Amino acid sequence: MDAELLRQYLEFYQDLGIRTLYRQVGQALPPANPNPNPNPIPMDLPPLAPTGDTLLKIIEDIGDCRRCRLSEARNKIVFGVGNPESPLVFVGEGPGADEDAQGIPFVGRAGQLLTQMIEGTAKKEGIELLRKDIYIANVVKCRPPENRTPEPDEMEICGQFLHRQLSVIRPKVICALGGTAARALTGHKEGVTKMRGKWFKWQEIPVMVTYHPSYLLRPYNQEAKREAWEDLKKVLHYVYD
Ligand code: URA
């Protein structure tokens, strides 16, 4: 593998929030010198975002995906929804039961709260904005069993598709909903309470971290709800002012 390709892969992994790479036993390291190994063993790497990529091509590449164990129990792959030219993209963790049944992100209770938050906050702030105007996607496209947090390898495998979606849309701002999305997009490992309300970057695109709407549904999290509304206000003014 030449140095330029290796650099592109490392940048790609960094964008996925991956900070440590392990070499599988029996796999060759890329040659460190300019004399290429005559019999290189190919490293099993995911494809980089192709040039001229489109959301349709990504859907085609996902196909009837069996790349990780999350495919075993899923009903529908939940790719993403909304306006692909939106300057604002929300990224959640992964589909729940309702999303798995319908194939659309954020349609269950958490989704209804997210819709209310987006549309309600926009209206209050004098911004004309409906949910259909923005784009919503998840870190993993298949429902984790019992709604468990996605495992690092699942995030790594499926993260390449989120990476491609964001590279195609290239919004003005990304809003990470909850810790999993925040980790996947920023690579930071702190809890969401520490990260929320702050700006990070994904490939030069500002990322605001806030609470996941499922967390806000719990009745004892009213203070967090207020904070999430504040975070959303910041995002909406940044994008639409
Ligand atoms: N939670 C998520 O993170 N994503 C969804 O699509 C639904 C619930």
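It should be noted that the structure appears before, not after, this text.
Below or above, wherever it landed, is the structure these notes cover. None of the values given here were measured: they were computed from a predicted structure.

This paragraph deals with the site of the ligand. The full set of residues close to the ligand is G92, E93, G94, E99, P105, F106, N138 and H212. At 2.8 Å from an oxygen atom of the ligand is found a main-chain nitrogen or oxygen belonging to E93. Between a nitrogen atom of the ligand and a main-chain N or O atom of G94, the distance comes to 3.0 Å. Protein burial of the ligand: of its 240 Å² of free accessible surface, 93% is covered by the chains. Here the shell around the ligand is composed, by residue class, of 2 nonpolar, 4 polar and 2 charged.

Under the counting rule described, the total for this entry stands at 2 aromatic pairs. Judged by centre distance (5.1 Å) and plane angle (45°), the ring pair of W199 and Y238 falls under tilted. You can see W199 sitting in strand β5 (residues 199-202) and its partner Y238 sitting in helix α9 (residues 222-240), a full 39 residues away along the chain. Residue W199 is classed as partly exposed on the basis of its relative accessible area of 35%. Seen from their ring centres, Y211 and Y215 are 5.2 Å apart, and the 25° between their planes marks the pair as stacked.

Our next topic: the pattern of salt bridges. Applying the stated criterion across every chain yields a total of 13 salt bridges. With its nearest N and O atoms 2.7 Å apart, the salt bridge here joins R164 to D53. Of this pair, R164 sits in helix α5 (residues 152-169) while D53 is found in the loop between α1 (3-15) and α2 (55-62), placing the two residues 111 residues apart along the sequence. The same class applies to R164 as to D53, namely buried. Sharing partners across several salt bridges, the network here consists of R69, R148, D153 and E154.

Along the polypeptide, T180 turns up in helix α6 (residues 179-186). Setting aside its immediate chain neighbours within four residues, T180 contacts E93, V139, T149, P150 and M155.

This paragraph deals with the pairing of strand β2 (residues 88-92). Extensive coverage of β2 is indicated by the burial of 5 of its 5 residues. In β2, alternate side chains face the same way, and those of L88, F90 and G92 on one face and V89 and V91 on the other are all buried. The pairing of β2 with strand β4 (residues 173-177) spans 4 bridges and is parallel. Bridging from a neighbouring strand, V89 pairs with I174 of β4. Taken together, the 4 bridges between β2 and strand β3 (residues 135-138) define a ladder with parallel strand orientation. Each bridged residue has a counterpart across the sheet, and for V91 the counterpart in β3 is A137.

Basis of the calculations
- Each chain has its residues counted from 1, following the order in which its sequence is written.
- Restriction of local features to residues with pLDDT of at least 70 applies here, the model being predicted, together with a cutoff of 80 or more for giving and counting side-chain atom pairs; totals for whole chains, interfaces and linings are based on all residues.
- Note: side-chain values were computed over all heavy atoms of the structure, leaving out hydrogens and water.
- Each residue is tested against the molecule or strand, and it is near if at least one of its non-hydrogen atoms lies within 4 Å.
- Two N or O atoms count as a polar contact when they lie within 3.5 Å, although within protein this holds only if one can serve as hydrogen donor and the other as acceptor, and sequence-adjacent residues are included solely when both atoms are side-chain atoms.
- Only the protein chains shown count as cover for residues, with accessible areas throughout obtained via the Shrake-Rupley method and a probe of 1.4 Å.
- As a working rule, the residues Ala, Val, Leu, Ile, Met, Phe, Trp, Tyr, Cys and Pro are called nonpolar, Asp, Glu, Lys and Arg charged, and the rest polar, with Gly in that last group.
- Two rings belonging to Phe, Tyr or Trp (six-membered ring only in the last case) form a pair when the distance between their centres is within 6.5 Å. Interplanar angles under 30 degrees mark stacking, angles over 60 mark edge-to-face geometry, and anything in between is tilted.
- Starting at the N terminus, helices and strands are each numbered in turn, a helix being any DSSP run of H or I of at least four residues and a strand any DSSP run of E of at least two.
- Exposure is judged per residue with a 1.4 Å probe applied to protein chains only, and the accessible area is read against the type maximum: over 50% gives exposed, under 20% gives buried, and values in between give partly exposed.
- Here a salt bridge means any side-chain nitrogen of Lys or Arg lying within 4 Å of a carboxyl oxygen belonging to Asp or Glu.
- Note on definitions: a residue-residue contact is assigned when non-hydrogen atoms from the two residues lie within 4.5 Å.
- Strand pairing requires that DSSP identify at least two bridges connecting the strands.

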